[in-house]
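# An overview of the molecular structure
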Amino acid sequence: MTDNACIRVAGAFALIKANRLFRCEDEGIRLDVGNDGRILENFIRGIPDDDQGIMAGGDRIEIAYNKTRETSDNGISLEGNRARIHHNDIKISGADDIEPGISKKSFDREWKIGNSA
């Protein structure tokens, strides 16, 4: 893994909002250990080399009102508990049609999802 996301943030209570990202080398947005973080109102287009538009890890994260286009992997990938993923618009994700628009890994069942793909 390289460390060349367009935006990379680590830590709790992060707010990543209203960015326009094009042709990032790795993930468009990467949030590490982002408990209680929020990723809102971003537009991400053209992520090559098997990377996600948004990649986040942590508990109680909210990912909402984002648009991802032409990502070679998932539009949104999240690993954590009690997340809210809603009102995202994901188009053309996964270079080989096996990656879903949204990928989630969790140890609980408290997911709230409402998105368009």
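What counts as what
- Residues numbered from 1 in each chain as written.
- Predicted model: local features only at pLDDT ≥ 70, side-chain atom pairs only at ≥ 80, totals over all residues.
- Heavy atoms only, no water.
- Core = buried A, V, L, I, M, F, W, Y, C linked by side-chain atoms within 4.5 Å.
- Buried < 20%, exposed > 50% of the residue type's maximum accessible area, 1.4 Å probe, protein only.
- Helix = DSSP H or I, 4+ residues; strand = E, 2+ residues; numbered from the N terminus.
- Contact = heavy atoms within 4.5 Å.
- Pairing = 2+ DSSP bridges.
- Phe/Tyr/Trp six-rings, centres within 6.5 Å; stacked < 30°, edge-to-face > 60°.
- Axes fitted to C-alpha atoms, helices over the stretch in contact; angles between N-to-C directions.
- Salt bridge = Lys/Arg side-chain N within 4 Å of Asp/Glu carboxyl O.
- Disulfide = S-S within 2.5 Å.

## A short note on the nonpolar core
Membership of the largest hydrophobic core comes to 19 residues, with the highest contact counts inside it found for Ile29, Leu31, Ile39, Ile54, Ala56, Ile63 and Leu78. Of all elements in the fold, only β4 (29-32), β6 (43-47), β7 (54-57), β10 (76-79) and β11 (84-93) reach the threshold of two or more residues within this core. Those residues in contact with Ile29 that lie beyond four places of it in its chain are Ile7, Ile16, Leu21, Ile39, Asn42, Ile44, Gly53, Ile54 and Met55.

## Points about the pairing of strand β9 (residues 67-71)
Here β6 pairs with β9 via four bridges, running parallel. Bridged to Arg45 within β9 is Arg69.

## A short note on the packing of aromatic side chains
Both the distance between ring centres and the angle between the ring planes are used here to describe each pair of aromatic rings. Under the defined criterion, the tally for this structure stands at one aromatic pair. Judged by centre distance (5.7 Å) and plane angle (50 degrees), the rings of Phe22 and Phe43 are tilted. With Phe22 in strand β3 (residues 20-22) and Phe43 in strand β6, this pair connects stretches of sequence that are 21 residues apart. For Phe43, a relative accessible area of 17% gives the class buried.

## Structural notes on the sheet that holds strand β12 (residues 102-105)
Picture the strands of a sheet paired through backbone hydrogen bonds; they go either parallel or antiparallel. With parallel pairing, the five strands of this open sheet are ordered in space as β1-β4-β7-β10-β12. The sheet is open, and its two edges are formed by β1 (7-10) and β12, each paired on a single side. Averaged over neighbouring strand pairs, the angle between their axes works out to 5 degrees when direction is ignored. Sheet topology places β10 next to β12; four bridges connect them, and they run parallel. Its bridge partner being in β12, Ser77 is matched across the sheet by Ser103.

## Section: unusual backbone geometry
Look at Phe13: it is not a glycine, yet its phi comes out positive at around 60 degrees. Position of Phe13 among the secondary structure elements: in the loop between β1 and β2 (15-17). The exposed category is assigned to Phe13, whose relative accessible area is 65%. Residue Glu70 is not a glycine yet carries a positive backbone phi of 55 degrees. Assignment of secondary structure puts Glu70 in strand β9. What makes Glu70 partly exposed here is its relative accessible area of 35%.

## What about the pattern of salt bridges?
Enumeration over the complete set of coordinates arrives at nine salt bridges. Here Arg30 makes a salt bridge to Asp32, at a shortest N to O gap of 3.0 Å. A residue is classified by how much of its surface remains accessible, and Asp32, at 17% relative accessible area, is buried. One salt-bridge network, in which partners are shared between bridges, spans Arg8, Glu27, Arg30 and Asp32.

## As for the state of the cysteines
Summed over the entire model, instances satisfying the criterion amount to one disulfide. There is a disulfide in this structure between Cys6 and Cys24, and the S-S distance comes to 2.0 Å. Across the disulfide from Cys6 to Cys24, rotation about the S-S bond amounts to roughly -110 degrees, and the bridge is consequently left-handed. A residue pair is termed long-range when its members are at least 10 positions apart, and Cys6 in the segment before β1 and Cys24 in the loop between β3 and β4 qualify at 18 residues.

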